[in-house]
Structure formats: C-alpha cells, structure tokens
Amino acid sequence: MHIPDGYIDLPLALLFGALAVVVLSVAAKRVNGEISDARAPLLGVVAASIFAAQMLDWPIPGGTSAHFVGGAFAAILLGPHLGALCVATVVTIQALVFGDGGLVVLGANVFNMAVVEVYVGYAIYRLLVPYGEFRAAFAAGWLGITAGALTAALQLGLSSAFQYQLLTTLSIMGVGHLALGLVEGAITASVYRYLARARPDLRPNAAPEVSA
C-alpha cells in the first residue's frame, strides 16, 4: 500500500497530495479542542498500535503486498476526523524515518490510507452498526482497506510507470486486498470486541463519565 517514488506521475502525486491536505485541514478544524484528557492517551495507543501493525506485510501475486493499515480501526475508536489525522501522522513518520513509501508521493499515500480507508471504513461501520458492532467493525476493516487499495491502483494505473494499465492494477490490487483484507477485517473486529469488553467506556457511543 505504501507507494514508492517514481511509481506515480508527478501531476497525479501533486493532485492527490493537495486533496489530502484539504481533507486533513478540514479534519483538524473539526477536532480542534475535542481531545480531552481521557481521549489523549487513547490517541497515542491507537497510533502506536497502527504503527507497529503496519510493519507486517503479506505478499500479493503481481509484485505488490498488503498489510494491516488500521484506518477503520482508528475511525471507529477515535472518530473519522481524529482517526484520519492519526493515520496520516503514522504514514508520514514511516516515510520520513523509515523510508516506507516515497516522499514525492507521500500525499497520495496519505490520501489512500488516511483519507479513503478511514472515511470509507467509518461510513460502512455507521451503516452496519445497527446489525451488530462486531459485524460492522469487520466489514469496515475489510472494505475500508479494499477501497484504499483501489484508489492506489487507480493512481498506479493512470501513471506511465505502469504503462497506463489501469485494468491490470485495479484487478491485482482490488482482488488481492479484497481477499487479504479479510485479515484486516478480522483484526479490526477482534480488537474492537476485546476493547468493548475490557474498556466499554472507550466505545464510540459510550456515555461520558460524570464527576461528582
């Protein structure tokens, strides 16, 4: 999912980078002043967990790979706007410190993982949560990462490095992540179920504690 430099044509990289900046700017305004003392530690834990989990890759036929992104997981626990900022921070640190993904295409990578996966995953979760939180979390993780992969495939398929083979990139990335995305869905749902049982106060719809 982390695209290296040279794989996306510069105009596309700039376009998706600009889109990422716009969305994250709006997200930053929406969460301004909303991070309470109780939520701040959760933000750090979620960011650290996603950072560590993204280091594990599963190969996909065709020369690419899939890995846990955690966009839907962050959105469910933190809300979509704070979740997007959380994942964007992780992706940026990985690129700057570990060289995981290119710097020129950093905006495109952020758009795919911190914008598309987070907001699509959260929308699916909210749509399906009346039918069960566990099922909703699973579908959010599964289809969220697939949506992010399709956006990456679109960028690659419209670039000269892949000879504009859009259908090829969409099929490889789409089918591969649709299958391996089941792993992301299972992890998202399992961790969410554990947290819901161990710390029900962290659930998105949990009522805030009232101090005496």
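Structure first, text after, so check above.
Q: Kindly report on the nonpolar core, identifying the contributing residues and their values.
A: Proteins that are soluble and globular tend to have nonpolar side chains buried together. Membership of the largest hydrophobic core comes to 52 residues, with the highest contact counts inside it found for Ile8, Val46, Leu78, Val87, Val110 and Tyr125. Contributions of two or more residues to this core are made by α1 (10-31), α2 (39-53), α3 (71-78), α4 (80-98), α5 (106-128), α6 (133-157) and α7 (166-198). The element contributing the most residues to this core is α5, with 10 residues. Other than its neighbours up to four places away in sequence, Ile8 contacts Ile3, Ala13, Val105, Ala108, Gln155, Leu156 and Ser159.

Q: Let's hear about the packing of aromatic side chains: which residues, and what values?
A: Tallied over the full model, the rule gives four aromatic pairs. The lysine or arginine in question, Arg193, covers the ring of Phe134, its NZ or CZ lying 3.7 Å from the ring centre.

Q: Can you explain α3? Please cite residues and give values.
A: The buried fraction of α3 amounts to eight of the eight residues, a majority that puts the element mostly inside the structure. When we look at burial in α3, the residues that qualify are Gly71, Ala72, Phe73, Ala74, Ala75, Ile76, Leu77 and Leu78. Gly79 lies just past α3 and shows a positive phi near 95°.

Q: Any chance you could break down α1 for me, citing the residues and the numbers?
A: Here α1 is 22 residues long and its end C-alpha atoms lie 31 Å apart, about the 32 Å a rise of 1.5 Å per residue gives. Buried within α1 we find Leu12, Ala13, Phe16, Gly17, Ala20, Leu24, Ala27 and Val31. Down the axis of α1, the smallest arc covering the buried residues is 120°, so these residues share one side. The exposed residues of α1 that point more than 90 degrees off its buried face are Pro11, Leu14, Val21, Val22 and Lys29. Residues of α1 that are buried make contact with α4, α5 and α6.

Conventions adopted
- Residue numbers run consecutively from 1 along every chain, following the written order of its sequence.
- A pLDDT threshold of at least 70 governs which residues receive local features in this predicted model, and a stricter bar of 80 or more applies before side-chain atom pairs are shown or counted, although totals over entire chains, interfaces and linings include all residues.
- To get the side-chain values, all heavy atoms of the structure are used, and hydrogens and water are removed first.
- To form a nonpolar core, buried Ala, Val, Leu, Ile, Met, Phe, Trp, Tyr and Cys residues must be joined to one another through side-chain atoms within 4.5 Å.
- Think of it in three bands: with a 1.4 Å probe and only protein chains considered, a residue is buried below 20% of the maximum accessible area for its type, exposed above 50%, and partly exposed in between.
- Helix numbering and strand numbering both begin at the N terminus, where a helix is a DSSP run of H or I of at least 4 residues and a strand a DSSP run of E of at least 2.
- Contacts were defined at the residue level, with two residues in contact if any of their heavy atoms lie within 4.5 Å.
- Stacked, tilted and edge-to-face are the three classes applied to pairs of Phe, Tyr and Trp rings, where Trp contributes its six-membered ring and a pair requires centres within 6.5 Å; stacked means planes under 30 degrees apart, edge-to-face means over 60, and tilted covers the rest.
- The rule for a charge over a ring is simple: NZ of Lys or CZ of Arg within 6 Å of the ring centre, and within 35 degrees of the ring normal.
- Helix span, as expected, comes to 1.5 Å for every residue beyond the first.
- In this description, one arc is meant: the one made by directions from the helix axis to the C-beta atoms.

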